[in-house]
Amino acid sequence: MQNAMSSTFQAPLQVPLSQSGNLRRQIKFNGVKRRPMVAAASVNVEVNDAARGSAGGLGRNNKEVMEAEKKLLVGTYNRAPVVLASGKGCKLYDAEGREYLDLSSGIAVNALGHGDADWIKAVVDQANVLTHVSNMYYSIPQIELAKRLVACSFADRVFFSNTGTEANEAAIKFARKFQRHSNPDSKEPATEFVSFTNSFHGRTMGALALTSKEHYRSPFEPVMPGVNFVEYGNIEATRKLIQPGKTAAVFVEPIQGEGGIYSATKEFLQFLRDACDDAGALLVFDEVQCGLGRTGYLWAHEHYGIFPDIMTLAKPLAGGLPIGAALVTEKVASAINYGDHGSTFAGSPLVCNAAIAVLDKISNPAFLASVSKKGHYFKETLKQKLARNPHVKDVRGLGLIIGIEFDVSATPVVDACRDSGLLVLTAGKGNVVRLVPPLIISEQELDQAVEILCKTLPVLDSNSN
Amino acid sequence: MSSTFQAPLQVPLSQSGNLRRQIKFNGVKRRPMVAAASVNVEVNDAARGSAGGLGRNNKEVMEAEKKLLVGTYNRAPVVLASGKGCKLYDAEGREYLDLSSGIAVNALGHGDADWIKAVVDQANVLTHVSNMYYSIPQIELAKRLVACSFADRVFFSNTGTEANEAAIKFARKFQRHSNPDSKEPATEFVSFTNSFHGRTMGALALTSKEHYRSPFEPVMPGVNFVEYGNIEATRKLIQPGKTAAVFVEPIQGEGGIYSATKEFLQFLRDACDDAGALLVFDEVQCGLGRTGYLWAHEHYGIFPDIMTLAKPLAGGLPIGAALVTEKVASAINYGDHGSTFAGSPLVCNAAIAVLDKISNPAFLASVSKKGHYFKETLKQKLARNPHVKDVRGLGLIIGIEFDVSATPVVDACRDSGLLVLTAGKGNVVRLVPPLIISEQELDQAVEILCKTLPVLDSNSN
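These numbers were taken from a predicted model, which means no experiment stands behind them. (Residues numbered from 1 in each chain as written. Chains lettered and ligands numbered in written order. Predicted model: local features only at pLDDT ≥ 70, side-chain atom pairs only at ≥ 80, totals over all residues. Heavy atoms only, no water.)

Draft legend 1. Spatial organisation of the domain arrangement of chain A. Residue and element names in this part refer to chain A. Each domain of chain A was delimited in the assignment, giving domain 1 (60–115 + 366–464) and domain 2 (130–363). Domain 1 and domain 2 are separated by 27 Å when their C-alpha centres are compared. Taken together, the 28 residues of domain 1 in the interface contact 26 residues of domain 2. Across the interface of domain 1 and domain 2, roughly 2200 Å² is buried in total on both sides, 62% from carbon and sulfur atoms. Three residues, Leu368, Leu398 and Ile401, lead the burial of domain 1 against domain 2; their summed loss comes to 28% of the area buried on that side. (Domains from an automatic or database assignment. Contact = heavy atoms within 4.5 Å. Buried area = accessible area lost by both parts, 1.4 Å probe.)

Draft legend 2. Focus on the interface of chain B and chain A. Facing 171 residues of chain B, the contacting portion of chain A comprises 173 residues. Roughly 15000 Å² is buried in total at the junction of chain B and chain A, and carbon and sulfur atoms are behind 62% of that figure. The tally of links between chain B and chain A comes to 0 salt bridges. On inspection of chain B and its partner chain A, the count reaches 57 residue pairs in polar contact (both at pLDDT 80 or more). Here the residues of the side of chain B that touches chain A are counted per class, giving 88 nonpolar, 52 polar and 31 charged. Where strand E5 (residues 83–88) of chain A meets strand E8 (residues 134–135) of chain B, 2 bridges bridge the pair, whose relative direction is parallel. Looking across to E8 of chain B, one finds that valine 83 of chain A is bridged to tyrosine 134 of chain B. (Salt bridge = Lys/Arg side-chain N within 4 Å of Asp/Glu carboxyl O. Polar contact = N/O pair within 3.5 Å; in protein donor to acceptor, adjacent residues only side chain to side chain. Nonpolar A, V, L, I, M, F, W, Y, C, P; charged D, E, K, R; others polar. Pairing = 2+ DSSP bridges. Helix = DSSP H or I, 4+ residues; strand = E, 2+ residues; numbered from the N terminus.)

Draft legend 3. Spatial organisation of the packing of helix H13 (residues 407–415) of chain B against helix H14 (residues 439–452) of chain B. All names here are of chain B. Running from N to C, H13 and H14 point in directions that differ by 125°, and their axes come no closer than 9 Å. The angle between H13 and H14 falls in the class oblique. H14 is crossed by H13, and the crossing has right-handed handedness. Contact with H13, carried on its side by Val409, Ala412 and Cys413, involves Ile448, Leu449 and Thr452 of H14 and no other residues of that element. Split by residue class, the contact of H13 with H14 holds 5 nonpolar, 1 polar and no charged. (Axes fitted to C-alpha atoms, helices over the stretch in contact; angles between N-to-C directions. Parallel < 35°, antiparallel > 145°, perpendicular 65-115°, else oblique. Left-handed = near helix turned anticlockwise from the far one by under 90°.)

Here it is in structure tokens:
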């Protein structure tokens, strides 16, 4: 397959190959056998040095990059037509230097914006000392990070993972093990889970089973068995499902992000807490998106004053590096033994040192107060300015996770915003604009965002039914 | 561990004024200190970077771990604080020769200058944007992976278990896509004894060790296990209309350093072709130069439909990848799968530095040469020890099988400044050094290993 990106190949082989001398399989494509160029055992791919770091060998124009993606990556992502190449604070720049105001934070990941100096220092310092040793051995940043997480939360212990879906997988395993450990004589331990409509817990087969969107699951059935879905916020319907001897745990996002920016009521979370206690089930709060300062509280559940047995985290924790965590009570931890679960990468010195820099900043009371203040300002300003637009059904959220619900698809607004230099996301059924800016965003930048949003709303009229 | 707390609250709390739940521990209710909505934890600046607030002695760190982390890991009593090349140093400055590479992750050793440069450069430009948008290092990395492999396309994940989860999903979607009218598409998987594919519920279902799975049942259904290398038994299991894919490690790492025969892999290739099933090679541990070939399967000249990678790809940063043929990729649509973190500019830029180095023909030739030297030297020196049943492996993934538990050897090596791993049922010493290790360091490792063997006599049955 000759393509525009040339590579040079050399073919010294250590061991003579079998008769099928082509190292690349003959592939039938549309019934025609292709004989692509031979890839040798050792490949020396010419790389433009500018390909590293900021410029990018392909980086000279957006179009080239987008076309290359279409050829090289499995087509899982329907990406916005923007090639992001650099960033600073709440600003991002594409491959051609165009500036965007970032209200997406890489899906609520870049809490400290782009290029935070303390985060960079933590990464650079640690990269020069020790990056990874695995969990066969002890290392210090992991302990330091765990110490902080335990100190500033309900939890007694931490399990590190690499992503949010992995944190939820850990919670799934801990819950089932907990039930078996608590009821060792039971022939049928409680193994089922309760999860909610409009939930999102991840894409790996366990977390996926807890994720309500049917078309995320159906092509991959059978997924992990034992999950029952019920309407988010519906106490009566949920009451029937949380059963002693059956329910291992209930998974809930205090504020549903992907699902549409729906906040639980205090009544609902209190009901879940009580129902779980009565049934001997564990209560798991998924704060992968709404945790770590996003709401103006360090933990979203602090807003409600209700505490889980397990809390899962990820997204902003290491400032953009892959990380996840399951924070648990001693009760849960006491059921877990050596070898029950693990990860090669998780808890590495480098990623944990980066996370310490992030957590120290976010957990600062003044920082959280500022998020709360800016969030309130943003929501009120949006309400004022958008109230009269007939397509706007609701403006909701807490702190700096805000949703604008429309009575039509929000996609035209998202596209128009992007054309005007503002990056926002969608949520729910695609009719909600999701605003999750870096927590360091300024009021001035929020004003700028409001202005662009208002300016783009007319696009809904030309597209509405 | 002291921390200071402040308690300005935005919203008055409910009656349960304690933000920390009252926990029953051994029947006694504890009322731990109140954690406020905002916490300012005093941090010793030395806690960042190399020194570590706790770092002054190994014992402190180990005790803290026992209190703060969920007890999943039975760690060796070593607190590693820094590293360079193939040397690691504990919190008290003691040196170790590293033949573990963080479980076959640190292929370029510790502190590789090009890797550090790639990380530092990219961290100062752009770290993460998510896959809602395009970014350049991801494309550059994909380009290289496609160019130097059988694959046509790449899906990035963050770990090996996630790469295998992607392969599971791609295989099932492929089957449904290929047989849209079928009421019962092929959804089952064949996996092998002594396999290890990961700890998340899908990859876990493919992992043979029963006690890894049983506490968490029911896992993902549809997996059939059969003996690794047993053609006749496997033949019965790979069935058209039933089998979505076969997952196999060309060289089983965790399982005991067992290499497939060419005959076995060729059989799998043919059986999958006949049954319309996909063949997935898990090269998370044996791929990326570990065997002296860029891909372990090149040693056999047999090609999969999907190959999963992780461990060494980004030099210690979390990454995974599923490399697929166009046939497989054509079944996958927008929204079928995804990841927030995967494919980030920072991690991919680090991976480019690693891949460019590893894929260099001279580098691979050197791995092959050193691996051969290491294995032959081990064979010579260990041959006469009655406990040594086998020395096997390819390139720089080598196993020494004993007729007893290898733990005393691992412990004695550590006491002598050498870090090695185990595998299989605990009777195999697994040697997976950084690929940059020198012959001199290999000699040093052999010497220490030989010196420690007598410990098996005092412990043997």
